[in-house]
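# Inside the fold
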Amino acid sequence: MKEKDSKKTGKWIAILLLIVIIVCCITGVSLFRSGTGAVSAESEEVVVAIENGSGYYQIIEALDQAGLIKNKTMAKLYVRFFGPENPQANTYVLDKSMDLETILDIISTGDFQYLLKTKFTIIEGTTIPAAAESIAEALGFEKNEVLQIWSDESFLRELIDQYWFLTDSILDPQIMYPLEGYLYSETYLITDQKPTVESVTRYCLDLMNEKLSPYQSRIDELGMTVHEFLSLASVVQDESLFPEDYKMIAGVFFNRLKKGMPLQSDSTVLYALQEKRIDVTYADLEVDSPYNTYKYAGVPIGPICAVQEEILDACANYEEHDYYYFFACEDGTVLYSKTLDEHNANVKNNLWY
């Protein structure tokens, strides 16, 4: 009888131990899930910087300091067993409604969607001061600081050594802004942790390299240097309003160059004066500047604004025709003329400014 009772007791103890183990496991799993869950049901963005060389324990510390860890012990257990390899150093915009698994997946892949981005825009047709202002605002600089870096000869020479399309032409003392026309017009999203004026300048030039390289052989065929090509392209950019006119207007300017006629672009005169307006006076035309294409034959000494890819293509593949003049009406319609008399008649009959 005692032996049976002993066996019975042992069986119950085993059952109780099993129950305790099961309960402990369930509790442990529950605590683990809870401890690695989101710290809040409400959405709240948090910026976290993950430094180069950070291991997952260091990342847990950074996340904990940012208020994204519910239970640090459980979080460290999680990364010990499930932490993915190769965390990506960057600055992330995370959310307190994310669980640890989601956060670590983002960090392990460097998910672009969650990277903190420095955003600035260089608008086609605008000049270097506008680009400097946009970049300065994005990086927390003063505009003059950016302009000073962009005029620093040692930095410019570094860029000339790095990019095939930059030459000593940009160092001409008569050039107003050495990088005018070379910073490609685009909205940039920079994900560097600590972007600098120098680094974002290279991003802009990298994109220009991408956009300009396909036209390298064509520029040679046109008998132009890259600097001359971009100078002309910038004039076409500033003189054109609608895409359907890009190649036609480029053709007008190429016709004038071939015939040895001055370009006579109002845009170059206004650039020489560093003004933005529509009307140009006879007094304006007298400004003595190598940018003034009324006074000086050929393309201006340098580009006068930022250009877009469509303009590069329009200049590389301009429309061949017999027009030497054009006039833009108030509604944007462009009237083309073969002779000066025809042009003067178009201006007289359609002058709106």
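The notes below deal with the structure included here. (Residues numbered from 1 in each chain as written. Predicted model: local features only at pLDDT ≥ 70, side-chain atom pairs only at ≥ 80, totals over all residues. Heavy atoms only, no water.)

### Points about the packing of helix 7 (residues 153–162) against helix 8 (residues 197–212)
For clarity, the cut-off: Structural elements are reduced to axes, namely lines fitted to C-alpha atoms, with helices fitted over the stretch in contact, and the angle between N-to-C directions of any two is expressed from 0 to 180 degrees. Helix and strand assignments follow DSSP, with helices taken as H or I runs no shorter than four residues and strands as E runs no shorter than two, numbered in order from the N terminus. A crossing counts as left-handed when the near helix is turned anticlockwise from the far one by less than a right angle, and as right-handed when that turn is clockwise. Note on contacts: a residue pair is in contact if any heavy atoms of the two residues lie within 4.5 Å. Lys, Arg, Asp and Glu make up the charged group, whereas Ala, Val, Leu, Ile, Met, Phe, Trp, Tyr, Cys and Pro make up the nonpolar group; the residues left over, Gly among them, are polar.
The contact between helix 7 and helix 8 brings their axes to 12 Å, and the two run at 35°. Seen along the crossing, helix 7 lies across helix 8 with a hand that is right-handed. Of the residues in helix 8, those in contact with Phe155, Glu158, Leu159 and Gln162 of helix 7 are Glu198, Thr201, Arg202 and Leu205. The class makeup of the residues in the contact of helix 7 with helix 8 is 3 nonpolar, 2 polar and 3 charged.

### Details of helix 5 (residues 128–139)
To keep things clear, this is the line we draw: Take the residue count of a helix, subtract one, and multiply by 1.5 Å to get its expected span. Note on classification: 1.4 Å probe, protein chains only; a residue is buried when its accessible area is under 20% of the maximum for its type, exposed when over 50%, partly exposed between these limits.
Here helix 5 is 12 residues long and its end C-alpha atoms lie 16 Å apart, about the 16 Å a rise of 1.5 Å per residue gives. Of the positions making up helix 5, those classed as buried are Ile128, Pro129, Ala131, Ala132, Ser134, Ile135, Ala136 and Leu139. Where helix 5 is buried, its residues contact strand 3 (118–122), helix 6 (143–150) and helix 8. Gly140 sits one or two residues past helix 5 and shows a positive phi near 80°.

### Brief notes about the packing of helix 2 (residues 56–65) against helix 3 (residues 72–82)
The line we're drawing: Our angle categories are set so that under 35 degrees counts as roughly parallel, over 145 as roughly antiparallel, 65 to 115 as roughly perpendicular, and the remainder as oblique.
It is at 10 Å that the axes of helix 2 and helix 3 come closest, and there the two elements cross at 150°. It follows that helix 2 is roughly antiparallel to helix 3 by the angle criterion. Crossing hand, helix 2 versus helix 3: right-handed. Contact residues: Tyr56, Tyr57, Ile60, Glu61 and Asp64 in helix 2; Lys72, Ala75, Lys76, Val79 and Arg80 in helix 3. Taken together, the residues of the contact of helix 2 with helix 3 break down into 5 nonpolar, no polar and 5 charged.

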